Protein chains: 2
Amino acid sequence: MGKNNIAEEVKNKQVIFRNYVTGYPKESDFYITTTIIKLKVPQGSNAVLVKNLYLSCDPTMQFQMRNVQSPSGTQSFVPGSPIHGFGVAKVIDSGHQSFSEGDLVWGTTGWEEYSLIQKPETLFKIHKSDVPLSYYTGILGMPGLTAYVGLYEIVSPKKGDCVFISAASGAVGQLVGQFAKLMGCYVVGAAGTPRKVDLLKNKLGFDDAFNYKQEPDLDAALKRCFPQGIDLYFEQVGGKMLDAVLLNMKDHGSIIVCGMISQYNLVRPEPLRNLMNISFKRLSIKGFLCRDYFDRYHMFLDTVLPFIREKKIVYVEDIVEGLEKGPEALVGLFSGRNFGKQVVALANE
Amino acid sequence: MGKNNIAEEVKNKQVIFRNYVTGYPKESDFYITTTIIKLKVPQGSNAVLVKNLYLSCDPTMQFQMRNVQSPSGTQSFVPGSPIHGFGVAKVIDSGHQSFSEGDLVWGTTGWEEYSLIQKPETLFKIHKSDVPLSYYTGILGMPGLTAYVGLYEIVSPKKGDCVFISAASGAVGQLVGQFAKLMGCYVVGAAGTPRKVDLLKNKLGFDDAFNYKQEPDLDAALKRCFPQGIDLYFEQVGGKMLDAVLLNMKDHGSIIVCGMISQYNLVRPEPLRNLMNISFKRLSIKGFLCRDYFDRYHMFLDTVLPFIREKKIVYVEDIVEGLEKGPEALVGLFSGRNFGKQVVALANE
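Treat the numbers as computed from the prediction; the structure is a model and nothing was measured.

Describing the pattern of salt bridges
Consideration 1: Counted by the stated rule, this structure contains 34 salt bridges over all chains.
Consideration 2: A salt bridge links Glu 310 of chain A to Lys 312 of chain A; the nearest nitrogen and oxygen atoms lie 3.3 Å apart.
Consideration 3: Here Arg 296 of chain B makes a salt bridge to Glu 153 of chain B, at a shortest N to O gap of 2.9 Å. Of this pair, Arg 296 of chain B sits in the loop between strand E13 (284-287) and helix H7 (297-309) while Glu 153 of chain B is found in helix H1 (residues 142-154), placing the two residues 143 residues apart along the sequence.
Consideration 4: It is possible to trace a salt-bridge network through shared partners that takes in Glu 153, Asp 295 and Arg 296 of chain A.

Some details on the pairing of strand E10 (residues 208-211) of chain A
All names here are of chain A.
Consideration 1: Looking at chain direction, strand E9 (residues 186-191) and E10 are connected through four bridges and run parallel. Its bridge partner lying in E10, Ala 190 is registered against Phe 210.
Consideration 2: After leaving E9, the chain enters helix H3 (residues 194-202) and then returns to the sheet as E10, a path that is right-handed.

Details of the domain arrangement of chain A
Residue and element names in this part refer to chain A.
Consideration 1: Annotation of chain A at the domain level lists domain 1 (3-138 + 316-345) and domain 2 (142-291).
Consideration 2: For domain 1 and domain 2, the distance between their C-alpha centroids amounts to 30 Å.
Consideration 3: In this assembly, domain 1 and domain 2 are joined by zero salt bridges.
Consideration 4: For the pair domain 1 and domain 2, the number of links is four residue pairs in polar contact (both at pLDDT 80 or more).
Consideration 5: Tallied by class, the residues present in the side of domain 1 that touches domain 2 amount to ten nonpolar, ten polar and three charged.

Some remarks on the packing of helix H4 (residues 218-225) of chain B against helix H5 (residues 239-248) of chain B
Residue and element names in this part refer to chain B.
Consideration 1: Close contact between H4 and H5 brings their axes to 9 Å; oriented N to C, the two are set at 45 degrees. The orientation of H4 with respect to H5, classified from their angle, is oblique. The element H4 and its partner H5 pack so that their crossing is right-handed. Residues Leu 218, Asp 219, Leu 222 and Lys 223 of H4 touch H5, and the partners they reach there are Lys 240, Met 241, Ala 244, Val 245, Leu 247 and Asn 248.
Consideration 2: Taken together, the residues of the contact of H4 with H5 sort by class into six nonpolar, one polar and three charged.

Quick look at empty space enclosed by the protein
Consideration 1: Under the defined criterion, the tally for this structure stands at three cavities of 30 Å³ or more.
Consideration 2: Its volume calculated, the largest cavity comes out at about 100 Å³.
Consideration 3: Every residue lining the largest cavity is counted, 15 residues in all, and those nearest its centre are Leu 275, Ile 278 and Ile 285 of chain A together with Leu 275 and Ile 278 of chain B.
Consideration 4: Put simply, the parts of the chain that give the lining of the largest cavity at least two residues each are helix H5 (239-248) and strand E12 (249-257) of chain A together with strand E12 (249-257) of chain B.
Consideration 5: Tallied by class, residues from the lining of the largest cavity come to 15 nonpolar, no polar and no charged.

Concerning the packing of aromatic side chains
Consideration 1: Enumeration over the complete set of coordinates arrives at 44 aromatic pairs over all chains.
Consideration 2: Between Phe 86 of chain A and Phe 294 of chain A, the aromatic rings sit 6.4 Å apart at their centres with planes inclined by 70 degrees, giving edge-to-face as the arrangement. Here Phe 294 of chain A lies in the loop between strand E13 (284-287) and helix H7 (297-309) and Phe 86 of chain A lies in strand E4 (residues 84-94), a separation of 208 residues in the sequence.
Consideration 3: Relative accessible area serves as the criterion here: at 18%, Phe 86 of chain A is assigned to the buried category.
Consideration 4: Here Phe 288 of chain B and Tyr 293 of chain B contribute two aromatic rings whose centre-to-centre distance is 6.1 Å and whose plane-to-plane angle is 85 degrees, an arrangement assigned as edge-to-face. No difference in accessibility class separates Phe 288 of chain B from Tyr 293 of chain B, as the two residues are buried.
Consideration 5: A network of ring pairs unites the aromatic residues Phe 86, Trp 106, Phe 124, Tyr 148, Tyr 152, Phe 179, Phe 294, Tyr 297, Phe 300 and Phe 307 of chain A as a single cluster.

With respect to the sheet that holds E12 of chain B
Consideration 1: An order of E10(A)-E9(A)-E8(A)-E11(A)-E12(A)-E13(A)-E13(B)-E12(B)-E11(B)-E8(B)-E9(B)-E10(B) is seen for the twelve strands of this open sheet, with the pairing classed as mixed. With partners counted over all chains shown, the strands left at the sheet margins are E10 of chain A together with strand E10 (208-211) of chain B, one partner each. On average, each strand axis in the sheet is inclined to that of its neighbour by 15 degrees, with strand direction left out of account.
Consideration 2: Relative to E13 of chain B, E12 of chain B runs parallel, the two sharing four bridges. What sits directly across from Val 257 of chain B, in E13 of chain B, is Gly 287 of chain B.

Some points on H7 of chain A
All names here are of chain A.
Consideration 1: With 13 residues, H7 should cover 18 Å at 1.5 Å per step; its first-to-last C-alpha distance of 18 Å lies within 8% of that length.
Consideration 2: Listed as buried for H7 are Tyr 297, Phe 300, Leu 301, Val 304, Leu 305, Phe 307 and Ile 308.
Consideration 3: Against strand E5 (104-110), strand E7 (124-126), helix H1 (142-154) and helix H2 (173-182) lie the buried residues of H7.

Digging into the side chain of Ser 166 of chain B
Consideration 1: Mapping Ser 166 of chain B onto the fold places it in the loop between strand E8 (162-165) and helix H2 (173-182).
Consideration 2: With a relative accessible area of 0%, Ser 166 of chain B lands in the buried category.

Analysis parameters
Residues numbered from 1 in each chain as written. Chains lettered and ligands numbered in written order. Predicted model: local features only at pLDDT ≥ 70, side-chain atom pairs only at ≥ 80, totals over all residues. Heavy atoms only, no water. Salt bridge = Lys/Arg side-chain N within 4 Å of Asp/Glu carboxyl O. Helix = DSSP H or I, 4+ residues; strand = E, 2+ residues; numbered from the N terminus. Pairing = 2+ DSSP bridges. Right-handed = clockwise from strand over helix to strand, strands pointing away. Domains from an automatic or database assignment. Polar contact = N/O pair within 3.5 Å; in protein donor to acceptor, adjacent residues only side chain to side chain. Nonpolar A, V, L, I, M, F, W, Y, C, P; charged D, E, K, R; others polar. Axes fitted to C-alpha atoms, helices over the stretch in contact; angles between N-to-C directions. Parallel < 35°, antiparallel > 145°, perpendicular 65-115°, else oblique. Left-handed = near helix turned anticlockwise from the far one by under 90°. Contact = heavy atoms within 4.5 Å. 1 Å grid on protein atoms, 1.4 Å probe; cavity = no way out; pocket = protein on both sides within 12 Å on 5 of 7 lines; lining within 4 Å. Points joined across faces, edges and corners; volume = space filled by probe spheres on them. Phe/Tyr/Trp six-rings, centres within 6.5 Å; stacked < 30°, edge-to-face > 60°. Buried < 20%, exposed > 50% of the residue type's maximum accessible area, 1.4 Å probe, protein only. Expected span 1.5 Å × (residues − 1).

Rendered as structure tokens:
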């Protein structure tokens, strides 16, 4: 065997999926283990071997924990194997002509220190700049593209439109609100702690915000913030919030649906009483999945990178250090424990 | 006083609204009375006085029975006064330049033998033909326009699309199905009795139909009828049916919402569990109200009258004779007792 096949073997810490989950996931649904990995792509393969730098915690990962085909089309986790999700990584070795050692990439990777990625076509190359690499799990990754597609492709609000955003301080919501402000809209967000409400009002430039956990009557809270009604609702939570929003939409208003996190883990989703307003108010409701729009990614970067550099948009991340903190961070998403985009940092580079 | 002011006075039987209703309306929420009316428009008024020929029973009338502002924007009934709705009538006397004695009209009128209509601008003139006058409460009236607008303006299915219609044998549904068949679609309807299912399959040309009351599992019934999924759902009932449909829509499918009759009278609407499919399946949901489209009425007539004359479309009516039968017929709508469009006939002309 030649020199090329003598590969360094290193320890590879991993977050392993214990077993399928029903209801809310718990930290104990995962465990940490350490295996050995060769830092070399197998000969003849067009895989790439990467060192993972940042891992993204995303609400939709909950579906991958269930023993049913994921309704969003993503691949379920395999009990006894490392979980996977979006992340930022550095190429250590490449069998694929598009990638070379040292390249920075983002895309689907494993929750482990090193991953052998069998389909590197799905990775995006990162052109290194002054922007933090972790941003490629958030504002410059899937959540950013989600916010962009929602407001720039699905329904573009007009200047002066009244826009409401649930989960407003999260990875997607904080951007939707800032995009809507740049479009000249009146923007209100709902979040689940006083600190998040303060963030929305005093750092992210929302016109108003409220803590949905402290409002005894969501309908009244929306009427207070939107005396004339809502033109556009960016829906991420579902349940009670959606029901209250239906009462407060303007005639001919629009609802963009990119998720319903409040309902993902409920065996019995909350009943809705106000769906009849869809016809009474002639509403348009449009669901979408970010992954249908990856071909817009470079157009999106051209829009959002200048916003970041000109400080027209800020982005709040909640970064925990070390793979061991991953399960806690991931599970925390479903109780809103994160403050901004939840990221797990493994290494700087 | 001149001769013009000597008006004939006649008895005027009326359906009076007893009081506001909560839950399902009952026959006893109405009573019949007889008053006296002058068959003459008051001098200086631009009202018209009509003899009512056919009255329409419409699901949305339930909202007008409640002591809350109707969410659909229609005017509530007044306790102690006659109820109102769509009807066909003959002009007896007119103070309005657009109408003359003997004209046939359709539009909003009272549930009584004679009505003084204060805003005749809202009436449509009927150009008498070989088509039954009662059709102007149904196929040539608001339900017909609703079906037309839904399929010709809101979402037009393509040839080969799989279309599902709830309340399929009703005033609107039977037309939606026939329009969709004329467009080359595969069409399935749900109805609530074996006779209605037979009507859909053997008279109205639906490809398939099922009795939703006899299906233990609506999801299974839909999977049987739509193994490849549903492209377009014409929603009129809401609740359990909508929830099962959400599981069976194709990706990028459309839902047109013109009502949710199953939920109108429920204090606690049925919970929906499958709304998350709006994003997973990238669905488009569009609500509409027929009254926004009355300017399309003549275009609609130009489309549908030839279909009727060429027998490309048939229309099933359930006509009861006499104002006294009105309350029973109206209340029957909410348990699906009607077989086709429910009409109350008062006089032939």
